[in-house]
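The primary structure of each chain is shown beneath.
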Amino acid sequence: MVDCLFCKIRDGAIPARLIFEDDQAIAFHDLHPQAPLHLLVVPRRHIATLNELALEDEALVGHLHRVAAQLAREAGHAEAGYRTLFNCNRGAGQTVWHLHLHLLAGRDLTWPPG
Ligand code: AMP
Ligand code: ZN
């Protein structure tokens with residue numbers, strides 16, 4: 001068993017502001033939001049990084065994006081715009097080794113990201 005923050009949130013062992021759950025994924029508010037809306041869409045199954053994705057995970061990753069789009073729409077950000085992203089490993093700023101799709105919205109998001 002890996003000692004994983006997001007597995008603990010999934011299991012209810014650590015509290016989080018959960019906004020969505022289904023059989024494949026959960027979504028909750030980021031503890032340190034970088035935008036007025038900053039959610040993390042997380043697969044229930046522990047996958048450390050994008051590097052560990054298998055062929056059979058393709059539908060799951062699509063599902064994470066559809067959940068993010070739905071949550072962005074429900075929060076009223078679909079038209080103005082939003083950003084989704086995965087950080088992969090330290091060079092990209094990954095700090096929690098359980099795959100999570102960031103959803104950021106509610107402000108002008110500059111490009112390129114830092
Ligand atoms: P990353 O840096 O891409 O690995 O993203 C990890 C994210 O998890 C960061 O944006 C953190 O602010 C967020 N985070 C860390 N601990 C918690 C927590 N207990 N509940 C919710 N979000 C968290
Ligand atoms: Zn995990």
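The structure under discussion appears in the preceding block.
Residues numbered from 1 in each chain as written. Chains lettered and ligands numbered in written order. Predicted model: local features only at pLDDT ≥ 70, side-chain atom pairs only at ≥ 80, totals over all residues. Heavy atoms only, no water.

Asker: What is the right way to read the packing of aromatic side chains from this model?
Answerer: By convention here, two paired aromatic rings are described through the distance between centres and the angle between planes. What the rule picks out here adds up to 1 aromatic pair. Judged by centre distance (5.3 Å) and plane angle (75°), the rings of phenylalanine 6 and phenylalanine 28 are edge-to-face. Here phenylalanine 28 lies in strand 2 (residues 25–29) and phenylalanine 6 lies in helix 1 (residues 5–10), a separation of 22 residues in the sequence. (Phe/Tyr/Trp six-rings, centres within 6.5 Å; stacked < 30°, edge-to-face > 60°. Helix = DSSP H or I, 4+ residues; strand = E, 2+ residues; numbered from the N terminus.)

Asker: How should the site of ligand 1 be read in this particular structure?
Answerer: Taken together, 16 residues sit near ligand 1, with Asp30, Asn87, Gly93, Thr95 and His102 positioned nearest. Between glycine 93 and ligand 1, the recorded distance is 2.8 Å, taken from a backbone N or O atom to an oxygen atom. In isolation ligand 1 offers 510 Å² of accessible surface; the protein chains occlude 85% of this area. Counting residues per element, the ones that place at least two in the shell around ligand 1 are helix 1 and strand 2. In terms of residues, the shell around ligand 1 owes the most to one element, helix 1, which gives 3 residues. Per-class residue counts for the shell around ligand 1 are 7 nonpolar, 8 polar and 1 charged. (Near = heavy atom within 4 Å. Polar contact = N/O pair within 3.5 Å; in protein donor to acceptor, adjacent residues only side chain to side chain. Areas by Shrake-Rupley, 256 points an atom, 1.4 Å probe, with all protein chains shown as cover. Nonpolar A, V, L, I, M, F, W, Y, C, P; charged D, E, K, R; others polar.)

Asker: What's the story with the pairing of strand 1 (residues 18–21) in this structure? I'm lost.
Answerer: Side-chain direction in a regular strand flips from residue to residue, so the side chains alternate between the two faces of the sheet. Where strand 1 and strand 2 come together, 3 bridges link them in antiparallel fashion. Within strand 2, the position partnered with glutamate 21 by the bridge is isoleucine 26. (Pairing = 2+ DSSP bridges.)

Asker: When you look at the side chain of aspartate 30 in this model, what are you seeing that I'm missing?
Answerer: Looking at where aspartate 30 falls in the secondary structure, it is placed in the loop between strand 2 and strand 3 (37–43). As a buried residue without a salt bridge, aspartate 30 has its nearest oppositely charged side chain in arginine 17, at a separation of 9.5 Å. A polar contact is formed between the side chain of aspartate 30 and the backbone nitrogen of histidine 32, at a distance of 2.8 Å. Residues contacting aspartate 30, with those up to four places away along its chain left out, are His38, Leu39, Leu40 and His102. (Buried < 20%, exposed > 50% of the residue type's maximum accessible area, 1.4 Å probe, protein only. Lys, Arg positive; Asp, Glu negative; His and termini not counted. Salt bridge = Lys/Arg side-chain N within 4 Å of Asp/Glu carboxyl O. Contact = heavy atoms within 4.5 Å.)

Asker: Looking at this structure, I do not really get the coordination of the zinc ion (ligand 2). What am I missing?
Answerer: Tetrahedral coordination by four donors puts the ideal angle at the metal at 109.5 degrees, and octahedral coordination by six puts it at 90 or 180 degrees. The protein atoms that coordinate the zinc ion (ligand 2) are Cys4 (SG), Cys7 (SG), His46 (ND1) and His98 (ND1), at distances spanning 2.0 to 2.3 Å. All donors of the zinc ion (ligand 2) come from a single chain, and their spacing in sequence reads C-x2-C-x38-H-x51-H. Residue cysteine 4 is found in the segment before helix 1, and its partner histidine 46 is found in the loop between strand 3 and helix 2 (58–74); the two are separated by 42 residues along the sequence. The exposure class of cysteine 4 is buried, given its relative accessible area of 5%. (Donors = N, O, S within 2.8 Å, 3.2 Å for Na, K, Ca; no water.)

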